[in-house]
Structure formats: structure tokens, C-alpha cells
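Architecture and fold: a report
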Amino acid sequence: MRAVTTSPSSPEPPPDGPARSVDVVLPCLDEAAALPWVLRRIPPGWRALVVDNGSTDGSDRVARELGATVVREARRGFGAACHAGLTSATAEIVCFCDCDASLDPSDLVPFVDEIRSGAADLVLGRRRPRGRGAWPAHARAGNAALSLLLRRRTGLRLRDLGPLRAARREELLALDLTDRRSGYPLEMVVRAADAGWRITEHDVPYAPRTGASKVTGTWRGTYQAVRDMSRVLQEPPAREGVTP
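Heads up: these notes are all about the structure in this document. Here the structure is a predicted model, which means the values were calculated and not measured.

Conventions we followed
Residues numbered from 1 in each chain as written. Predicted model: local features only at pLDDT ≥ 70, side-chain atom pairs only at ≥ 80, totals over all residues. Heavy atoms only, no water. Core = buried A, V, L, I, M, F, W, Y, C linked by side-chain atoms within 4.5 Å. Buried < 20%, exposed > 50% of the residue type's maximum accessible area, 1.4 Å probe, protein only. Helix = DSSP H or I, 4+ residues; strand = E, 2+ residues; numbered from the N terminus. Contact = heavy atoms within 4.5 Å. Phe/Tyr/Trp six-rings, centres within 6.5 Å; stacked < 30°, edge-to-face > 60°. Lys NZ or Arg CZ within 6 Å of the ring centre and 35° of its normal. Salt bridge = Lys/Arg side-chain N within 4 Å of Asp/Glu carboxyl O. Polar contact = N/O pair within 3.5 Å; in protein donor to acceptor, adjacent residues only side chain to side chain. Pairing = 2+ DSSP bridges. Right-handed = clockwise from strand over helix to strand, strands pointing away.

**A closer look at the nonpolar core**
Judged by nonpolar contacts, the single largest core of 33 residues is most densely connected at Val24, Leu26 and Leu39. At the level of secondary structure, the elements contributing two or more residues to this core comprise strand E2 (22-28), helix H1 (35-40), strand E3 (47-52), helix H2 (59-65), strand E5 (93-96), helix H4 (109-117) and strand E8 (199-206). With four residues, the top contributor of residues to this core is E2. Setting aside residues no more than four positions away along its own chain, Leu26 makes contact with Val38, Leu39, Ile42, Ala48, Leu49, Val50, Val51, Cys97, Asp98 and Cys99. Judged by nonpolar contacts, the second largest core, of 31 residues, contains Leu122, Leu161, Ala167 and Leu175.

**So, the packing of aromatic side chains**
Counting across every chain of the model gives zero aromatic pairs. Positioned over the ring face of Tyr206 is Arg127, at 5.2 Å from the centre of the ring.

**Re unusual backbone geometry**
Leaving glycine out, the prevailing phi sign among residues is negative, and the prevailing peptide bond configuration is trans. The phi angle at Asp30 is positive, at roughly 55°, despite the residue not being glycine. Mapping Asp30 onto the fold places it in the loop between E2 and H1. Here Asp30 falls in the partly exposed class, since its relative accessible area comes to 30%. Positive phi values are uncommon outside glycine, yet Asp176 reaches one of about 55°. Within the secondary structure, Asp176 is located in the loop between helix H6 (169-174) and helix H7 (184-194). A residue is classified by how much of its surface remains accessible, and Asp176, at 51% relative accessible area, is exposed.

**Let's talk about the pattern of salt bridges**
Pairing of side chains with opposite charge becomes possible as their charged atoms draw close. Enumeration over the complete set of coordinates arrives at 15 salt bridges. With a shortest N-O distance of 3.0 Å, Arg47 and Asp23 are connected by a salt bridge. Taken together, the residues Arg47 in strand E3 and Asp23 in strand E2 connect sequence positions 24 residues apart. Asp23 carries the same exposure label as Arg47, and that label is buried.

**Some thoughts on the side chain of Arg127**
In this fold, Arg127 is placed in strand E6 (residues 122-129). Among the polar contacts listed, one links the side chain of Arg127 to the side chain of Asp160, at a separation of 2.8 Å.

**Some thoughts on the pairing of strand E4 (residues 69-72)**
Strand direction decides the pairing type here: E3 and E4, joined by four bridges, are parallel. By the bridge assignment, Val51 is partnered in E4 with Val71. For the segment spanning E3, H2 and E4, crossover handedness is right-handed.

**As for H7**
Residues spaced three or four apart along an α-helix face the same direction, because each turn holds 3.6 residues. Here H7 lies mainly inside the structure; eight of its eleven residues are buried. Those residues of H7 lying buried are Tyr184, Pro185, Leu186, Glu187, Met188, Val189, Val190 and Ala192. Note on H7: the residue one or two positions beyond its end, Gly196, has a positive phi of about 80°.

Any link to function would need more than the numbers given here.
Put into C-alpha cells, the structure is as follows:
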């Protein structure tokens, strides 16, 4: 189903001005409690795109009241929400950040600087846990296994496949990402690597999330995420790369 964008309660900056150079996609499923903290940390002049993936706790209302643009995506799935945000974005650079207060969107500033300078085409955040329970052992184990499989598949020596990231919008769209579940973040990295993108990662603090996790908070959720991502790694390289 098509994503539907609703207008924020406050006027948006002019689409052609410097303030519209960055959009931050925030996939959201019942994150009303975390949204105020997250949206307060969106860097000045950037636009927050909160993608409501079927929330029942009023997340869309909270986001709108705090000045975010709300995008509705009826199809459930992390990838579905992320891609709805990407296709709704209009800025030159698009960032992605979880909406559960585990990651600080202000940490994206150096990511964007690196993209703008041409030093990298895709910048990822390497999560560094802060506080007990920030990153459960089973989630870390799954991430480590996938990082090893990614290295074998692409040669990339990444240590994390976290959701905090930045890249140019047009180039991301050209990757033609198709996964709409938990494999979406990995598919982005794999297709970017196949296309010869320069991919870097930087340490970022990772705090305990607000509320219950929908994916990595349980062994079942972690297993499903690893299964989705493993399927992505089995796909053959694209015949033609997408060069930024």
C-alpha cells in the first residue's frame, strides 16, 4: 500500500533552502513515549519524517504536535517503514534512526558532513552500549554473525549493521531495495558494496530503548531478523552497479 504523507502542525522550511538538505527517517511503531526525546534531538533545520507503521498509542499525533512530518505505511515491517520514509523524502541527504530513544539523531551530524565532503557514500553507526540491557547478548551475537557473513560476501570489515546511517537520497533510490522486513538495512549495505560505494562506520552511544523491543528484544525476534538478513546475503550480486 502506498505511503501517505500528512503535513506537520508547523510550516516546513522552503524546499530549496539549506534547511531542507537533510531528512531523517524515523520508522515508528508505538513509540509515543520516546518521540519527544528523539524529536528534540533532530539537528536544527533538518526535517523529521516519522513513518507510522500502524501505531495504536497515538504516536502519529505526538509526532505531528512536535512538528514532524508523518508518513503512514500500512504494510508492517521495518523495511516497509524505512522505504516509505525514503520515497517520501525530498532532501539531498537522507538519514535513518530508530525511534525508540536508543540512538541520538544529533550523532548524525558528522555522518552528514562526511557525505557532503565526498569522503564516503554511506556512513553507518557502530553501536557502543551505554547502560545495562542496552544491547542484549543474543542481539549482539546475531549482529556479529551477520557481520562475518557480510565480510565473506562483500569483503567489508564492518563491525555493526546498526540502523543509524546516512547517504544521498537519489543514490539510495537507485539501489532498488526490495526487502520490506528486517533485511532492509543489510540489503542497503550489500547493494552499496556491490556498487562500489565507499562505506565507513563511526562509534555512537547506544542506550537502553524506551518501551518493549519489536525485534531484538526477544530470541524469536532476533531469529527472524537474522533469517531475513541471511536471505539477503544469499542473493547474487547485481549485474550492474549503482555508482554514486
